[in-house]
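Single-letter residue listing:
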Amino acid sequence: MAFLDTNTTIDFAFDAQHIWHPYTSMTQSLPVYGVVSAQGCELTLDNGKVLIDGTSSWWSCVHGYSHPTILAAMQKQLSQLSHVMFGGITHQPAIETSKRLVQMTSDNLTKVFLADSGSIAVEVALKMALQYWQGRSKPQKQRIMTVKSGYHGDTFAAMSVCDPDGGMHTMFGNNVTKQVFIPAPTSKFDEPLNQIDNDALETAFTQYHQDIAAVIIEPIMQGAGAMRFYSAAYLTKLRQLCDQYDVLLILDEIATGFGRTGTLFAYEHANIEADILCVGKALTGGYISLAATLCSDEVASGISDSPAGVFMHGPTFMGNPLACAAATASLDLLLTGEWIQQVKDIETHLLHTLPAAMKSTQVKDVRVLGSVGVIEMRSSVNTATLQKAFVELGVWVRPFSRYIYIMPPYTITEEQLTRLTSAMLVVADTIVPNKNNQTLISHG
Ligand SMILES: *Cc1c(COP(=O)(O)O)cnc(C)c1O
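Residues numbered from 1 in each chain as written. Predicted model: local features only at pLDDT ≥ 70, side-chain atom pairs only at ≥ 80, totals over all residues. Heavy atoms only, no water.

### Examining the site of the ligand
Near the ligand you find Ser117, Gly118, Ser119, Tyr151, His152, Gly153, Glu218, Asp252, Ile254, Ala255 and Lys281, and these make up its full shell. Aspartate 252 places a polar side-chain atom, nitrogen or oxygen, 2.7 Å from a nitrogen atom of the ligand. Alone, the ligand offers 380 Å² of accessible surface; in the complex the protein occludes 84% of this. (Near = heavy atom within 4 Å. Polar contact = N/O pair within 3.5 Å; in protein donor to acceptor, adjacent residues only side chain to side chain. Areas by Shrake-Rupley, 256 points an atom, 1.4 Å probe, with all protein chains shown as cover.)

Quick look at the structure:
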């Protein structure tokens, strides 16, 4: 790499003074680590220390960093066309990405909206649902229903469907639309639908269906809101009720999509189809921001029949060619199918190692699905303190709330994975009962 400069000095003082980081204070800044380069599953810090990455940079970097195929695709695209407006113009990178998304997702999803981030893909999905019912002469269907403990992003409509207790709703009050909340699913993964969930779903649909445009949910895994897995039968029931009561089903696969839970999309565990599907995070293999919202022919034609006659959204960087080139290369790597065995191997490893954490009285639960491993503590952890301990152990793991968890790149080696899980066990075991019961907001 001709341009690689690992002698970069990092101006930490400027950073602390002037730059926001996710979910941080500008007066009491949390420590940050300087990264100068990344290769495979390793991040290199400014002091030369190398860390094994357990986060895939928040679910996204599934093939590892500096993958030659993705780099080559991006470099070629960069010198040809980095960006051009999408209004009145199209280009092959957007077409190639969309072709693959249509091919890889369920047969009914045929229309693609290319957005610039996951939160925007969620905004687009919600707007699609509202416009759809305007076009189907049921304009009273204007509310969204969802489950508690969900996470769908940080913009206003996305916030309105995030978990209502404790987080964004209380902070932004009336600026956040009041949506309809069903209790979080309690039926566990691999178990049938229990009576509690069944009744909660039926009651909610009976009571609210006339006003409900759509249900939005993260299939199988509730991510940043809870780090927990639930029954596929829950989704089957939800699909059935949506059909019965004329409600659209929006699946948010931004974290779960592209193999993370062991199937290409998490909805495959339940064998259902979404009316609207959001993808993001791993779409470009984690190289650059891109997300997409897919919908069915029926949803698209409903929107086109609405009073507006068009779908009312169109961001400046819609369908960015450079991002689409990265996405196309990343999707082609997934289409080789190599991820299937890789994710299975990670799952086997996590199932063999992480349950040992249960010997600590401070550990409440250990959960594994696909390439996601979670140790849930009894009380909230101190992110900065644990982060430091992990860095000292040579790994990058970023706990939040009560969760010490990993979702590494699929390309991680057995040896690297052992380093990660050993570090998790060591750190979980050092945690003492926390009297202050520190709580941290969301996933920062
Ligand atoms: C991360 C995430 C989002 C938001 O995506 P951004 O790219 O951060 O805006 C939405 N939904 C789910 C399920 C996510 O995990």
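Once the structure has been displayed, the description carries forward.
### Examining the UniProt feature "binding site: substrate" (unreviewed entry) in the chain
The UniProt feature table records "binding site: substrate" (unreviewed entry) at Trp58, Tyr151, Lys281, Gly314 and Arg398. Maximum C-alpha separation among the annotated residues is 34.1 Å over a sequence range of 341 residues, too wide for a single clustered spot. On the secondary structure map, tryptophan 58 appears in helix α2 (residues 56-59). Given a relative accessible area of 26%, tryptophan 58 falls into the partly exposed group. (UniProt positions renumbered as here; feature names shortened; annotations may be inferred. Helix = DSSP H or I, 4+ residues; strand = E, 2+ residues; numbered from the N terminus. Buried < 20%, exposed > 50% of the residue type's maximum accessible area, 1.4 Å probe, protein only.)

### A word on the nonpolar core
Of all hydrophobic cores here, the largest spans 63 residues; its most connected members are Phe205, Ile217, Phe258, Val279 and Leu283. The element best represented in this core is helix α9 (residues 232-244), accounting for six residues. Among the nonpolar cores identified, the runner-up in size contains 30 residues, and Phe113, Tyr132, Ile144 and Ala214 belong to it. (Core = buried A, V, L, I, M, F, W, Y, C linked by side-chain atoms within 4.5 Å.)

### Observations concerning the sheet that holds strand β1 (residues 35-39)
As summarised here, the arrangement of the four strands in space is β1-β2-β3-β15, forming an open sheet in which the pairing is mixed. Where the open sheet ends on each side, the last strands, each with one partner, are β1 and β15 (395-396). Of the strand pairs in this sheet, strand β3 (residues 50-53) and β15 are connected by two bridges, and their pairing is parallel. Bridge pairing in β15 places isoleucine 52 opposite valine 395. (Pairing = 2+ DSSP bridges.)

### Comments concerning the UniProt feature "binding site: pyridoxal 5'-phosphate" (unreviewed entry) in the chain
UniProt records the feature "binding site: pyridoxal 5'-phosphate" (unreviewed entry) for Gly118, Ser119, Asp252, Pro315 and Thr316 in the present numbering. With the annotated positions falling across 199 residues, the maximum pairwise C-alpha distance of 23.0 Å shows that they are not confined to a single cluster. Here glycine 118 is to be found in helix α5 (residues 118-135). The contact partners of glycine 118, leaving out residues within four places of it in the chain, are Ile254 and Ala291. Mapped onto the fold, aspartate 252 is located in strand β10 (residues 248-252). Note on aspartate 252: relative accessible area 5%, which makes it buried. Sequence-distant contacts of aspartate 252, that is, excluding residues within four places in its chain, are made with Val122, Tyr151, His152, Ile216, Ile217, Glu218, Pro219 and Cys278. (Contact = heavy atoms within 4.5 Å.)

### Here's the deal with the sheet that holds strand β4 (residues 109-115)
The strand order across the open sheet formed by seven strands is β4-β12-β11-β10-β7-β5-β6, and the pairing between neighbours is mixed. Only two strands of the sheet have a single partner each, and these edge strands are β4 and β6 (180-182). Each adjacent strand pair in this sheet contributes to an overall mean axis angle of 20 degrees, direction not counted. Note: β4 against strand β12 (residues 291-296), six bridges, orientation antiparallel. Paired with phenylalanine 113 across the bridge in β12 is threonine 293. The strands touched by helix α4 (residues 92-104) are β4, β11 (276-279) and β12; relative to β4, the strand with the most contacts, the crossing angle is about 135 degrees. (Axes fitted to C-alpha atoms, helices over the stretch in contact; angles between N-to-C directions.)

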